Amino acid sequence: MSTIPRTPPTYEDLAKIDQKAEIVDGEIVLMSPTGGFSGFAGDEIYSSLRAHARKLGKGIAIGDNKAFRVDLPRRKSFSPDAAYHLGEIGKKFYDGAPIFAVEVRSEGDYGPKAERAIANKRADYFAAGTLVVWDVDLENTDVVRSYLASNPEHPICFQRGQIAHAEPAVPGWSMPVEDLFI
């Protein structure tokens, strides 16, 4: 019995998907819709980044369900919950990784398997050129764990009542952690 090798998905294949998805390990990985609390947090971050980008006249804030094309051995795209991008904007997708990416945890983003997946995705972001990745966990005391490409194993943690930032990726931008909550 012989097998027919499967062709890896293309960006054109990804563009045909009607929901949030990424190309990882030669597969299109569908992502569940964002819940109310996590969606609100992602929208607040996007809104704050958008105001900052407009004020600076530099970069672009990107909201949920947008795709970034990258060329890594195991990953061809990202779809963060919010991002800040300095690169080119393609007709269908953004070219290259965002300089700052935000991943807001949803209901299924807990447990050992989820932690490994989140850590692997963060490593992929850094390999693609992202400088800062936020892991936003509305159920944790450390609401925002800000990981830097220059020190990926030791996040800067921000809690309620504190002001979070994304230095050095987004100079001069910050927002109150409290704004992530309804």
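Preceding this paragraph is the structure being described.
A.B. asks: Could you clarify how one ought to interpret the sheet that holds strand β7 (residues 94-95) in this entry?
C.D. replies: Judged by pairing direction, the sheet is mixed, and its three strands sit side by side in the order β5-β4-β7 without closing on themselves. The open sheet has two edge strands, β5 (77-78) and β7, and neither has a second partner. Examined bridge by bridge, strand β4 (residues 68-69) and β5 share two bridges and lie antiparallel to one another. Across the sheet, the residue bridging to F68 is F78, located in β5.

A.B. asks: Could you clarify how one ought to interpret the environment of P33 in this entry?
C.D. replies: Along the chain, the position of P33 falls in the loop between β2 (27-30) and α2 (36-56). Placed 13 residues apart in sequence, P33 and K20 show a C-alpha to C-alpha distance of 7.4 Å.

A.B. asks: Mind showing me how you'd approach the side chain of S79 here?
C.D. replies: Of note, S79 is situated in the loop between β5 and β6 (82-85). With relative accessibility at 1%, the residue S79 sits in the buried group.

A.B. asks: Whenever I open this one, the sheet that holds strand β8 (residues 100-104) confuses me. Can you help?
C.D. replies: The strands making up a sheet are joined through hydrogen bonds of the backbone, oriented either antiparallel or parallel. Pairing in this open sheet of six strands is mixed, and the strands run β3-β6-β8-β9-β10-β11 from one edge to the other. The open sheet has two edge strands with one neighbour each: β3 (60-62) and β11 (151-158). Within this sheet the neighbouring strands show an average axis-to-axis angle of 20°, counted without direction. Sheet analysis places strand β10 (residues 144-148) next to β11, joined by four bridges and oriented antiparallel.

A.B. asks: How do you make sense of the pattern of salt bridges when you look at a structure like this?
C.D. replies: Pairing is possible between side chains of opposite charge, provided their charged atoms come close. Taken as a whole, this structure holds 15 salt bridges when the rule is applied. When the shortest N-O distance is used, the salt bridge between E22 and K121 registers 2.7 Å. Placement of the pair is E22 in strand β1 (residues 21-24) and K121 in helix α3 (residues 112-128), with a sequence separation of 99 residues. With respect to burial, E22 and K121 carry one shared label: buried. Here R145 ties to D137 by a salt bridge, and the two come within 3.5 Å at their closest N and O atoms. The two residues R145 and D137 agree in class, both being buried. Overlapping salt bridges bring together E22, D25, R74, R75, E103, K121 and D124 as one network.

A.B. asks: How should the pairing of β2 be read in this particular structure?
C.D. replies: The two faces of the sheet receive side chains in turn, since in a regular strand these alternate between them. When β1 meets β2, the two strands line up antiparallel, connected through four bridges. By the bridge assignment for β2, A21 is matched with L30. Between β1 and β2, which pair antiparallel and follow one another directly, the connecting turn spans two residues, one of which, D25, has a positive phi of 50°.

A.B. asks: Just checking my understanding: could you explain the pairing of β10 for this structure?
C.D. replies: Within β10, five of the five residues are buried, leaving the element largely enclosed by the surrounding structure. Of the two faces of β10, the one carrying V144, S146 and L148 and the one carrying R145 and Y147 are both buried. Bridge count between strand β9 (residues 132-136) and β10: five bridges; the pairing is antiparallel. Each residue of the ladder has a partner; that of V133, found in β10, is Y147. Here β10 folds back onto β11 in antiparallel fashion, the turn holding two residues.

A.B. asks: What should I look at first to understand unusual backbone geometry in this one?
C.D. replies: One can expect most non-glycine residues to show negative phi and most peptide bonds to be in trans. For the bond running from E167 to P168, omega is 0°, close enough to zero to count as cis. Within the fold, P168 resides in the loop between β12 (163-165) and β13 (174-176). Located in the positive-phi region is D25, a residue other than glycine, with phi close to 50°. You can see D25 is positioned in the loop between β1 and β2. In this structure, N65 is a non-glycine residue whose phi angle is positive, near 65°.

What counts and what doesn't
Residues numbered from 1 in each chain as written. Predicted model: local features only at pLDDT ≥ 70, side-chain atom pairs only at ≥ 80, totals over all residues. Heavy atoms only, no water. Pairing = 2+ DSSP bridges. Helix = DSSP H or I, 4+ residues; strand = E, 2+ residues; numbered from the N terminus. Buried < 20%, exposed > 50% of the residue type's maximum accessible area, 1.4 Å probe, protein only. Axes fitted to C-alpha atoms, helices over the stretch in contact; angles between N-to-C directions. Salt bridge = Lys/Arg side-chain N within 4 Å of Asp/Glu carboxyl O.

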